[in-house]
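Reading the structure
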Amino acid sequence: MNLLTISGSPHVHNDQSVKKIMFGVIISLIPAMLVSFYFFGLPSIILTLTAVISCALFEFLIQKYLLHTEPSVTDGSAMLTGLLLAFNVPSNLPIWMMIVGSLVAIGIGKMSFGGLGKNPFNPALVGRVFLLISFPVDMTSWPLPQNFTTSLTDVVTGPTPLGIVKEGLKKGDAMADLMTQVPDYVNLLLGNMGGSIGEVSALAIIIGGLYMLVKKIISWHIPVAFIGSVLVFAAILNLVNPALYVNPLFHLVTGGLMLGAIYMATDMVTSPMSALSMIIYGVGCGILTVLIRVFGAYPEGVSFAILIMNALTPILNKYIKPKRFGEVVAA
Amino acid sequence: MGGVHPEENKLSATKPIEVFPLPQKVYIPLSQSLGAPSKPVVKKGDTVKVGQLIAQGESFISSNIHSSVSGKVSKIDDYPDASGYRRQAVFIDVEGDEWEESIDRSPVLIRECNLSAEEITARIKAAGIVGLGGATFPSHVKLMVPNGKKPEYLIINGVECEPYLTSDHRLMLEKGEEMMVGISILMKGLGVSKALIGVENNKPDAISHLQKLAQSWPGVEVHPLKVQYPQGGEKQLIKALVNREVPSGKLPIEVGCVVNNVGTAFAVYEAIQKNKPLFERVVTVTGKAIPRPANYLVRVGTLVSELLMQSGYDENKSGKVINGGPMMGKALSTIEVPVVKGSSGILVMPEQESRRMKEVNCIRCSRCASACPMGLEPYLLATMSSLSMIESVENERIMDCIECGSCQYTCPSGRQLLDYIRVGKGAVGKMIRARSAK
Ligand code: SF4
Ligand code: SF4
């Protein structure tokens with residue numbers, strides 16, 4: 001007799017999987033990828049591929065030979081980490097540094113905690129911050145966009161718009177003069193400026209974010225809270241003293257804000273679970289970002305802000321509970 | 001709050017209710033409702049008629065059981081039921097189809113009912129009516145409102161949110177008038193002046209039919225609801241219809257509501273107006289592995305295997321047979337089990353749909369928590385349960401879980417959340433009983 005399968009309910013599944021989610025995110029990154037390849041040319045393509053391949057390879061090797069677990073590299077999460085890591089570095093970073101960064105991201109950022117789902121910090125950011133601290137010069141020399149260059153050597157480098165403003169203000173330059181040294185808002189929005197490979201085009205990243213929202217890969221809470229609080233906080237500063245604090249819109253379209261708010265901060269594993277805690281987390285990211293950008297030592301603060309909020313995620317999860325059904329609301 | 005949208009797959013929605021042929025033998029289990037098993041009042045060798053009392057409910061929460069066929073009691077013995085356990089059942093060899101004379105078999109609709117509330121409750125109890133939505137809570141108990149509580153609304157559940165199942169849908173279409181009478185009787189029994197029937201928008205024909213009928217029944221309203229699983233859950237339905245939340249651990253009467261299923265309302269009509277006890281019901285036979293999906297009117301005690309054969313069941317094409325719907329139904333280990341009062345449908349899934357996906361690490365995506373209609377954190381409950389953190393899961397309100405399966409349905413990591421949660425609930429239940437025994 002043919003034996004019947006026995007298992008507890010439910011007997012159906014919505015057909016989603018970790019793999020589908022990861023590849024969904026990767027697909028949503030295509031517009032940003034194309035813009036970056038256009039502005040930064042062949043080196044950025046090579047660097048991106050290097051990161052993707054090394055992350056996948058390191059995960060495979062660690063699982064197979066160190067942990068002796070079944071490799072799960074086909075779920076796409078390591079490739080996504082590689083992609084995001086590459087998006088967070090300048091396109092002229094030496095290849096070997098990219099490989100070291102990948103090893104740190106996967107080996108320390110992810111596998112040392114037990115692999116996907118167990119890491120407290122966003123692995124790509126762990127890799128990026130490691131690189132930033134170890135190789136500060138290489139990590140902060142930004143090639144300027146060259147409209148699809150295939151040249152690997154003679155790149156022109158310069159500071160990012162955030163750097164221009166920060167350094168300029170330190171020297172006592174007037175805000176109005178500084179604004180003439182940075183690209184106009186249209187170019188900032190499109191991504192025609194110096195910066196990390198994948199962070200430059202706010203527009204392309206927003207398109208990717210909308211795709212993820214429609215596909216229900218992420219929810220709106222973190223990006224909206226993050227971006228909104230940057231806007232509000234920067235606007236307050238700007239109102240207080242426009243000569244000292246830059247226009248809030250400038251914060252939105254420069255640096256890694258969009259990439260951070262839409263991709264890095266929304267990493268499911270390292271962000272909180274309930275709607276309210278997501279909003280608190282997003283606001284925390286936003287305020288810290290502005291604080292670091294305006295008052296900190298670095299011109300950019302998105303990565304640090306997110307890592308700090310990553311650290312608070314378990315606490316948010318512990319103390320902020322979803323609204324229970326039938327909860328007696330204290331009158 | 002929460003909820004998911006599984007594929008509806010209502011394959012049998014357009015299939016009218018068919019009277020299922022009389023079987024040759026029935027096995028009538030004596031545990032068919034929540035509460036204690038009923039005590040047999042017939043013995044081996046007795047001849048019985050259709051509708052004759054064969055077992056009596058003796059405790060407060062238990063119910064009477066009547067013969068569904070006429071014939072001879074061949075045995076009273078253990079027989080496997082849908083739970084997979086062997087339990088006491090009355091075996092009857094069918095001879096003819098002779099009904100108790102007191103049962104009115106004419107199709108004439110009787111609208112008037114002059115019984116008092118007490119009489120209605122007593123008749124419902126005598127007829128062995130239980131909740132036909134699946135929970136099989138004895139219906140007379142619901143009519144006995146505890147002191148100090150006042151019912152305001154009778155809620156009638158016509159949601160049928162489980163995918164595939166259509167028995168309630170067909171009943172609303174074909175027996176709507178009788179159902180309305182049944183509802184009016186239940187209103188009288190409860191002493192309420194308002195009844196709200198909730199039906200999901202995916203059954204527009206049933207909504208318009210009932211709305212038309214409701215015009216001649218003052219106080220009865222039909223409410224279309226948006227499609228959302230598990231809206232058929234008592235607490236979810238009350239929330240949707242009157243926007244009140246039944247507090248944790250409490251019954252619907254706490255917020256002035258009593259919920260009954262549409263099938264139960266029809267059974268009440270038959271019991272009170274036609275003097276017919278509950279011994280048959282509509283069962284949907286369906287699934288992608290079933291060539292002829294159908295809605296059968298089946299005598300209780302008929303074997304599931306007979307229903308399946310009638311619909312073209314092929315064991316080589318079938319992987320899983322489920323008693324109930326795909327979200328909350330129970331997988332059967334054998335199809336040689338009898339239909340009972342609580343059987344709403346039998347779902348047969350092809351082999352390839354029967355397997356679960358591989359379980360991988362939780363990626364903390366919070367989809368399970370967003371899907372949970374009770375506002376729980378399934379990932380946390382599951383992890384804590386698997387670590388035997390019994391007190392912690394109790395504090396995280398694991399006992400509020402209605403086992404709707406939305407969490408597991410939606411988990412991209414294929415976590416077997418509800419399996420773990422059931423284990424946790426079992427352990428917490430045990431702890432609570434031990435505590436109250438002290
Ligand atoms: S925890 Fe319980 S109530 Fe919540 S979704 Fe899972 S099964 Fe349903
Ligand atoms: S849905 Fe699954 S993977 Fe997502 S948080 Fe819940 S248990 Fe974890």
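This one's a predicted model, so the numbers in the text were calculated from it and none came from an experiment.

Some thoughts on the interface of chain A and chain B
Taken together, the contact between chain A and chain B spans 36 residues of the former and 62 residues of the latter. Both faces combined, the contact of chain A with chain B buries some 4,100 Å², and carbon together with sulfur accounts for 53% of it. The largest share of the area that chain A buries against chain B comes from His11, Met273 and Phe325 of chain A, three residues that together contribute 21% of it. The interface formed by chain A and chain B contains 25 residue pairs in polar contact (both at pLDDT 80 or more). The residue makeup of the side of chain A that touches chain B, split by class, is 15 nonpolar, 14 polar and seven charged.

Here we look at the side chain of serine 139 of chain B
Residue and element names in this part refer to chain B. For serine 139, the position within the fold is in helix H2 (residues 139-143). A residue is classified by how much of its surface remains accessible, and serine 139, at 4% relative accessible area, is buried. Look past the residues within four positions of serine 139 in its chain and what remains in contact with it is Ile124, Ile129, Val130, Gly131, Asn260 and Thr264.

A word on the domain arrangement of chain A
Accessible area lost during the coming together of the parts is what is often quoted as the interface size. Residue and element names in this part refer to chain A. Partitioning chain A into domains gives domain 1 (18-139) and domain 2 (162-193 + 218-319). One C-alpha centre belongs to domain 1, the other to domain 2; they are set 23 Å apart. Domain 1 puts 24 residues into the contact, and the matching count from domain 2 is 18 residues. Of the roughly 1,700 Å² buried at the junction of domain 1 and domain 2 (both faces included), carbon and sulfur atoms supply 72%. When the buried surface of domain 1 facing domain 2 is broken down by residue, Phe39, Asn122 and Leu125 rank first, second and third, together holding 28% of it. Our enumeration of links across domain 1 and domain 2 arrives at zero salt bridges. For the interface between domain 1 and domain 2, the tally reads four residue pairs in polar contact (both at pLDDT 80 or more). Secondary-structure elements contributing two or more residues to the side of domain 1 that touches domain 2 are helix H1 (18-28), helix H2 (30-66), helix H3 (77-87) and helix H5 (123-134).

Structural notes on the site of ligand 1
Residues and elements named next belong to chain B. The full set close to ligand 1 counts 13 residues, and Cys372, Cys401, Cys404, Gly405 and Cys407 are the nearest of them. Among the secondary structure elements, those contributing two or more residues to the shell around ligand 1 are helix H13 (406-410) and helix H14 (417-437). Here the shell around ligand 1 is composed, by residue class, of ten nonpolar, two polar and one charged.

Reading guide: rules and limits
Residues numbered from 1 in each chain as written. Chains lettered and ligands numbered in written order. Predicted model: local features only at pLDDT ≥ 70, side-chain atom pairs only at ≥ 80, totals over all residues. Heavy atoms only, no water. Contact = heavy atoms within 4.5 Å. Buried area = accessible area lost by both parts, 1.4 Å probe. Polar contact = N/O pair within 3.5 Å; in protein donor to acceptor, adjacent residues only side chain to side chain. Nonpolar A, V, L, I, M, F, W, Y, C, P; charged D, E, K, R; others polar. Helix = DSSP H or I, 4+ residues; strand = E, 2+ residues; numbered from the N terminus. Buried < 20%, exposed > 50% of the residue type's maximum accessible area, 1.4 Å probe, protein only. Domains from an automatic or database assignment. Salt bridge = Lys/Arg side-chain N within 4 Å of Asp/Glu carboxyl O. Near = heavy atom within 4 Å.

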